[in-house]
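For reference, the chains in residue letters:
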Amino acid sequence: MGNQSGESLKEAIDRLRKEKNAVILAHYYQTGDIQDIADCVGDSLALAQWAAKTDADIIVLCGVHFMGETAKILCPDKKVLVPDLAAGCSLADSCPVPAFAEFVRQHPDHTVISYVNTTAAVKAVTDVVVTSTNARQIVESFPQDAKIIFAPDRNLGNYINSLTGRKMLLWDGACHVHEKFSLEKILELKREYLDAEIITHPECKRPVIQVSDFVGSTAALISYTMRSDKQQFIVATESGVIHDMRKKSPDKLFIPAPPNDSTCACNECNFMRLNTMEKLYSCLKNEAPEICVDKAIGDKAVLPVKRMLELSAQLGL
Ligand code: 13P
Ligand code: SF4
């Protein structure tokens, strides 16, 4: 697409971001064209870290709603835009605040650790936020016998419990993308590509985690593929990440792990894929849609998010 001046969509986005002193932050699950034009591409932790330190006037968060909210919580005086306000998250939706706040009230002696994939209102009743990059280390920064509620991802919570010997109380939530990888189809691929390593995000179910050679956050999976001497990887996470893996290791083969419910070979997050270059252009042009967070909620939610950033800095993450 070009406009009347013959400017391409990419050129128009570039011009607008400079004119408006905007920064474009994109998650690895965005389409390749959005990742390529973004100022920074990262996982949930990196997006929050960049938002916290940017001096741009406008943050365009190419990801899903909770990522935009996290940026807004950290930067209440900046304009935070998302290309499509309907880009939600099934994991965040699996933890509605009235039920979660009641659960927290029922366990007053527990520390509340919430994954960043939650609404601002859930963060407001949380003690410390985590992402998949720092969850294990942050849990381990509490005493072994600490009573902990971990929400909302039961798969990540179970995985951390199994690694650390903790008995965290888990909220029963999950991500519809990571839950639906097919163990059978992954093992079929493994029989076809005997040398391939299976690499998996910890939001996946236990049987997939158990057959994996490496389990880690989005950023950890990418760096693993760079340092591994293997040439082939079966990738059990949202397939957008393969764009960056291929850029960083162009000679290696990345095979998306298939879901169990379709004939499609790869597994995409339908929410993440609502964002397009056209919507990115129009959101920069119109400075909308904008993320808004109620001030009273934002004032509470910022505390566990900042605590996560401080702990991550101490942990060197
Ligand atoms: P990370 O970016 O923390 O790896 O999380 C994956 C995810 O599902 C984001 O929605
Ligand atoms: Fe949410 Fe899952 Fe999509 Fe990530 S991949 S945004 S956790 S629904």
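The following paragraphs examine the structure supplied in this document.

Definitions and cut-offs
- Residues numbered from 1 in each chain as written.
- Chains lettered and ligands numbered in written order.
- Predicted model: local features only at pLDDT ≥ 70, side-chain atom pairs only at ≥ 80, totals over all residues.
- Heavy atoms only, no water.
- Near = heavy atom within 4 Å.
- 1 Å grid on protein atoms, 1.4 Å probe; cavity = no way out; pocket = protein on both sides within 12 Å on 5 of 7 lines; lining within 4 Å.
- Sits in = over half its atoms within 2 Å of the grid points.
- Nonpolar A, V, L, I, M, F, W, Y, C, P; charged D, E, K, R; others polar.
- Helix = DSSP H or I, 4+ residues; strand = E, 2+ residues; numbered from the N terminus.
- Polar contact = N/O pair within 3.5 Å; in protein donor to acceptor, adjacent residues only side chain to side chain.
- Contact = heavy atoms within 4.5 Å.
- Buried < 20%, exposed > 50% of the residue type's maximum accessible area, 1.4 Å probe, protein only.
- Arc of directions from axis to C-beta.
- Axes fitted to C-alpha atoms, helices over the stretch in contact; angles between N-to-C directions.
- Parallel < 35°, antiparallel > 145°, perpendicular 65-115°, else oblique.
- Pairing = 2+ DSSP bridges.
- Right-handed = clockwise from strand over helix to strand, strands pointing away.
- Core = buried A, V, L, I, M, F, W, Y, C linked by side-chain atoms within 4.5 Å.
- Points joined across faces, edges and corners; volume = space filled by probe spheres on them.

We now examine the site of ligand 2. Taken together, Y29, V64, C89, S90, N117, C175, H176, V177, E203, C269 and M272 form the complete shell of residues around ligand 2. Applying the majority rule of atoms within 2 Å of the grid points places ligand 2 in the largest cavity. Counted by class, the shell around ligand 2 contains seven nonpolar, three polar and one charged residues.

Among the secondary structure elements, S132 is positioned in the loop between β6 (128-130) and α8 (135-140). Side chain to side chain, S132 and H201 meet in a polar contact 3.4 Å long. Discounting chain neighbours no more than four positions away, the residues touching S132 are Y115, H201, P202, S217 and T218.

Another aspect to go through is the side chain of H27. Of note, H27 is situated in strand β1 (residues 22-27). The buried category is assigned to H27, whose relative accessible area is 2%. Not counting the four nearest positions on each side in its chain, H27 is found in contact with Q35, V41, G42, D43, S44, L47, C62, M67, T218 and M272.

Below, the discussion takes up helix α6 (residues 97-106). Those residues of α6 that sit buried are F100, A101, F103 and V104. The arc that holds the buried residues of α6, viewed along the axis, is 155 degrees, so those residues lie on one side. Residues of α6 that are exposed and angled more than 90 degrees away from the buried face: P98 and R105. Elements in contact with the buried residues of α6: β5 (111-115), α7 (120-123), β7 (148-151) and β8 (169-170).

Now for the site of ligand 1. Near ligand 1 lie 13 residues; those nearest to it are H27, S44, S132, H201 and T218. At 3.4 Å from an oxygen atom of ligand 1 is found a side-chain nitrogen or oxygen belonging to N117. Between ligand 1 and T218, the relevant distance is 2.5 Å, taken from an oxygen atom to a side-chain nitrogen or oxygen of the residue. The cavity where ligand 1 resides is the largest cavity. Its residues placed into classes, the shell around ligand 1 shows four nonpolar, seven polar and two charged.

We now examine the packing of helix α3 (residues 44-53) against helix α15 (residues 295-314). Packing of α3 against α15 brings their axes to within 11 Å, and their N-to-C directions diverge by 105 degrees. Put simply, α3 runs roughly perpendicular to α15. On α15, the residues that touch L45, A48, Q49 and A52 of α3 are M308, L309 and S312. Of the residues contributing to the contact of α3 with α15, the split by class is five nonpolar, two polar and no charged.

It is generally the case that most residues other than glycine have a negative phi and that most peptide bonds are trans. Residues A151 and P152 are joined by a peptide bond in cis, for which omega reads -10 degrees. Cis geometry is adopted by the peptide bond preceding P289, which originates at A288 and carries an omega value of 0 degrees. With respect to the helices and strands, the residue P289 is situated in the loop between α14 (277-286) and α15. Although it is not a glycine, N21 adopts a positive phi angle of roughly 45 degrees. Structurally, N21 is set in the loop between α1 (9-19) and β1.

What follows covers the pairing of strand β11 (residues 232-236). With four of five residues buried, β11 lies mostly within the body of the structure. Pairing analysis gives four bridges linking strand β9 (residues 197-200) to β11, with the strands arranged parallel. Paired with E197 across the bridge in β11 is F233. Of the pairings in the sheet, the one linking β11 to strand β12 (residues 253-256) comprises four bridges and is parallel in character. Bridged to F233 within β12 is F254. Taken together, β11, helix α13 (residues 241-248) and β12 constitute a β-α-β crossover, and its handedness is right-handed.

What follows covers the pairing of β5. Across the five residues of β5, five count as buried, placing the element largely inside the fold. Going residue by residue along β5, you find T111, I113 and Y115 tucked away on one face and V112 and S114 tucked away on the opposite face as well. When β5 meets β6, the two strands line up parallel, connected through three bridges. Residue pairing for β6: S114 is matched across the bridge by V129.

Nonpolar side chains in soluble globular proteins generally cluster together in the buried interior. Core analysis: the largest hydrophobic core is formed by 66 residues, its most contacted members being I59 and M245. If you tally residues by element for this core, the top one is α15, at six residues.

The next subject is empty space enclosed by the protein. Counted by the stated rule, this structure contains two cavities of 30 Å³ or more. There is about 240 Å³ of room inside the largest cavity. Taken together, 24 residues make up the lining of the largest cavity; nearest its centre are Y29, N117, H178, E203 and M272. Taken together, the residues that form the lining of the largest cavity break down as eleven nonpolar, ten polar and three charged. For the lining of the second largest cavity, the secondary structure elements donating two or more residues are α3 and α4 (65-74). Counted by class, the lining of the second largest cavity contains eight nonpolar, two polar and no charged residues.

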